[in-house]
Amino acid sequence: MGRVTEYYHAQSLEDAFAKARELGPAAAYLGGGIELVLRRNAEITTLIDLSQCGLNYIRSDPSGVEIGSQTTLAKLSRSADVQRFAGGSLAYWAGHIAHNNVRDMITVGGVIGRNQPWNDVVPHLIALGARVQLFGETEQSMLLADYIEAKRSGMIIKSVLLPQENAGGTGFLWRFTRTEQDISTLHFSALVATDAGIVTSASLVFAGRPGHAALYPQLSAEIVGKALSHDSFSKLAELAPSVVEVGSDLRATEEYRRELVHAAIVYWEEHMTGVAQ
Amino acid sequence: MITKIVINNVERAFEIEPDEVLLDVLRREGYLEVKGSCHTGDCGACTILLDGRPVASCLTLAAKADGHAVTTVRGIGDQAHPSVLQEAFVKNGAVQCGYCIPGAIASAKALLDENLNPTEEDIRLAMDSNYCRCTGYEQQVEAVLDAAEKLREAAKDEETKK
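Residues numbered from 1 in each chain as written. Chains lettered and ligands numbered in written order. Predicted model: local features only at pLDDT ≥ 70, side-chain atom pairs only at ≥ 80, totals over all residues.

1. Observations concerning the overall build of chain B
- Each helix and strand counted, chain B has 6 helices and 5 strands in total.
- Taken against the 2.2 N^0.38 rule, which gives 15 Å for 162 residues, the C-alpha radius of gyration of chain B at 16 Å falls within 12% of a compact globule.
- Projecting the C-alpha coordinates of chain B onto the three principal axes gives extents of approximately 50 × 40 × 25 Å.
- In chain B, which comprises 162 residues, the proportion classed as buried is 46%.
- When contacts within chain B are restricted to residue pairs at least 6 apart in sequence, long-range pairs at least 24 apart make up 60% of them. (Helix = DSSP H or I, 4+ residues; strand = E, 2+ residues; numbered from the N terminus. Rg over C-alpha atoms; globule rule 2.2 N^0.38 Å. Buried ≥ 20, exposed ≤ 12 C-beta atoms within 10 Å, placed from the backbone. Contact = placed C-beta atoms within 7 Å.)

2. Here we look at the overall build of chain A
- Scanning chain A for helices and strands turns up 12 helices and 12 strands.
- Considered along the principal axes of its C-alpha atoms, chain A spans approximately 60 × 45 × 30 Å.
- Intrachain contacts of chain A at a sequence separation of at least 6 include 59% that bridge at least 24 residues.

3. Quick look at the interface of chain B and chain A
- Counting residues at the interface gives 23 residues for chain B and 19 residues for chain A.
- Contributions of two or more residues to the side of chain B that touches chain A are made by β4 (53–56) and α5 (120–126) of chain B.
- Along the lines of polarity and charge, the residues of the side of chain B that touches chain A split into 12 nonpolar, 7 polar and 4 charged. (Nonpolar A, V, L, I, M, F, W, Y, C, P; charged D, E, K, R; others polar.)

4. Digging into the pairing of strand β5 (residues 64–68) of chain A
All names here are of chain A.
- Summarising burial for β5: 4 of the 5 residues are buried, a large majority.
- Alignment of strand β4 (residues 58–61) against β5, held across 4 bridges, turns out to be antiparallel. In the sheet register, R59 faces β5, and the bridge partner there is E66.
- Hairpin remark: β4 followed by β5, antiparallel, with 2 residues in the connecting loop.
- In this structure, β5 lies alongside strand β8 (residues 156–163), joined through 5 bridges in antiparallel fashion. By the bridge assignment for β8, I67 is matched with V160. (Pairing = 2+ DSSP bridges.)

5. As for the nonpolar core
- Core analysis: the biggest nonpolar cluster contains 133 residues, and A:A16, A:I48, A:I126, A:L144, A:A190 and B:I105 have the highest contact counts within it.
- Looking at this core element by element, the count peaks at 8 residues for helix α4 (residues 101–114) of chain B.
- In this view, B:I105 contacts B:V73, B:I76, B:L85, B:Q86 and B:F89; residues no more than four positions away in its chain are not counted. (Core = buried A, V, L, I, M, F, W, Y, C linked by C-beta atoms within 7 Å.)

6. Concerning the pairing of strand β11 (residues 198–207) of chain A
All names here are of chain A.
- Note that strand β10 (residues 186–195) and β11 share 9 bridges and pair antiparallel. Of the residues in β11, the one forming a bridge with F188 is F206.
- Between the antiparallel neighbours β10 and β11 lie 2 residues, among them A196 with a positive phi of about 50°.
- Across 2 bridges, the pairing between β11 and strand β12 (residues 214–215) is antiparallel. Bridge pairing in β12 places F206 opposite A214.
- Between β11 and the antiparallel strand that follows it, β12, lie 6 residues; G208 among them carries a positive phi value of about 60°.

7. Focus: the domain arrangement of chain A
Residue and element names in this part refer to chain A.
- Splitting chain A by domain gives domain 1 (6–49), domain 2 (58–166) and domain 3 (170–273).
- The gap between the C-alpha centroids of domain 1 and domain 2 is 20 Å.
- Across the boundary between the two partners, domain 1 contributes 10 residues, which contact 13 residues of domain 2.
- At the level of secondary structure, the elements contributing two or more residues to the side of domain 1 that touches domain 2 comprise α1 (13–23) and α2 (34–38).
- Residues belonging to the side of domain 1 that touches domain 2 are distributed by class as follows: 6 nonpolar, 2 polar and 2 charged. (Domains from an automatic or database assignment.)

8. Some points on the environment of A:G211
Residues and elements named next belong to chain A.
- Mapped onto the elements, G211 comes out in the loop between β11 and β12.
- Each C-alpha atom of the pair G211 and A10 lies 33 Å from the other, and the pair is 201 residues apart in sequence.
- Ignoring any residue separated from it by four or fewer positions in sequence, one finds G211 in contact with P117, E245 and G247.

9. Some remarks on the sheet that holds strand β2 (residues 10–15) of chain B
Residue and element names in this part refer to chain B.
- The 5 strands are arranged β2-β1-β5-β3-β4 in an open sheet whose pairing can be described as mixed. The open sheet has two edge strands with one neighbour each: β2 and β4. Each strand axis lies, on average, 40° off the axis of its neighbour in the sheet, ignoring direction.
- Relative to strand β5 (residues 69–71), strand β1 (residues 2–7) runs parallel, the two sharing 2 bridges. Of the residues in β5, the one forming a bridge with V6 is A69. (Axes fitted to C-alpha atoms, helices over the stretch in contact; angles between N-to-C directions.)

10. A closer look at the confidence of the model for chain B
- Averaged over all residues, the pLDDT of chain B equals 96, while 100% of them reach at least 70.
- At the level of chain-chain contacts, confidence expressed as ipTM amounts to 0.91, with global pTM at 0.93. (pLDDT = per-residue confidence, 0-100.)

11. A look at the sheet that holds strand β1 (residues 6–9) of chain A
Residues and elements named next belong to chain A.
- Reading across the sheet, the 3 strands line up as β1-β3-β2 and stay open at both edges, with parallel pairing between neighbours. One side of each edge strand has no neighbouring strand; the edge strands of this open sheet are β1 and β2 (27–30). Each neighbouring strand pair of the sheet contributes to a mean axis angle of 25°, computed without reference to strand direction.
- Across 4 bridges, the pairing between β2 and strand β3 (residues 46–49) is parallel. Note on β3: the bridge partner recorded for Y29 is I48.
- Packing against the sheet, α1 makes contact with β1, β2 and β3, and its axis sits at approximately 155° to β2.

Written out as structure tokens, the structure reads:
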């Protein structure tokens, strides 16, 4: 922040949206606020607090698990509904990412709104097929993967829906870091559904490449219809390093990240088959 | 702007800047038991309880605490009336230079408030933000296990009295 001159406690979503529309890029919706403190944006002079807008909830209904955007990672990790979803991968990681004293601050809406390349929550939500519910002049629902590609500036992230049709799948997250609490040098998330040992659907996401999270349908197509076998995974592990777009930065070279892509698939195989390679 | 925060069970009102962080406000207002160190949310020294949950006060906008309850280490117990947890830290040699202790105690308190049977792994996870440059981690884990045991015994005694 440069010089923030106003902290606005919005009383409703309508109130927050009207304030943001009035101020344009000088206003920012507030999630946990961590990014706004750490990476000050000189353009922002008004912070719009959404904590009184009723967005701190997790509820389950036949359409899936809906997570209000003000829900923190700590709350996600303790939710029985989230723990039941896709083997509990999101709940587990929400309780292990970052530090204990920020897991009660980081909000689902905040991580999506900022979508930093090193973020581990957004790629996993994309793999789980999450939809984002947006509030503005009209309400919109869209796949989180599409939202990340084309953000709707000014709209409020109201909630995230984990669709019920993905609840029975198996979620997987692998993050390569220097220490447990470090940001990812490479992140791999997946959701896979199987029937009688055959993969019926798969969603593969890589992040920390060092770019943002991206789905890889070409890799999904490679594994769908195949048996959960070493042969299937080893073919995927051979292909993936040439498909996933990776780059070099201060943390790792492109070549190193390609090796990590291979390692990610090997770990995924171990998770899915229980057999270490 | 004026913000009202209940600090250690006492309601206080402060004039704050909209972008001030809670750590700076607390220390300015005399709550010097809250320690600052990294100012980037990495070290855990500044951890306080906000509505009972541990947060890094160096990253928490003070305005976000408006209308909420803050507990510092002195709200958990002081020298005249130490809590079971604080006594366990002393008894187990978990306090060396002492700088990280206000944050460590806050994190441990949040854990024990919701889980009186923590495993070592639970404790390490619940205190993973709290860096101790004297490296007294083992003693801190032992202290929390010790406090948990005493709190369980006290809860059992209470139950028996009923």
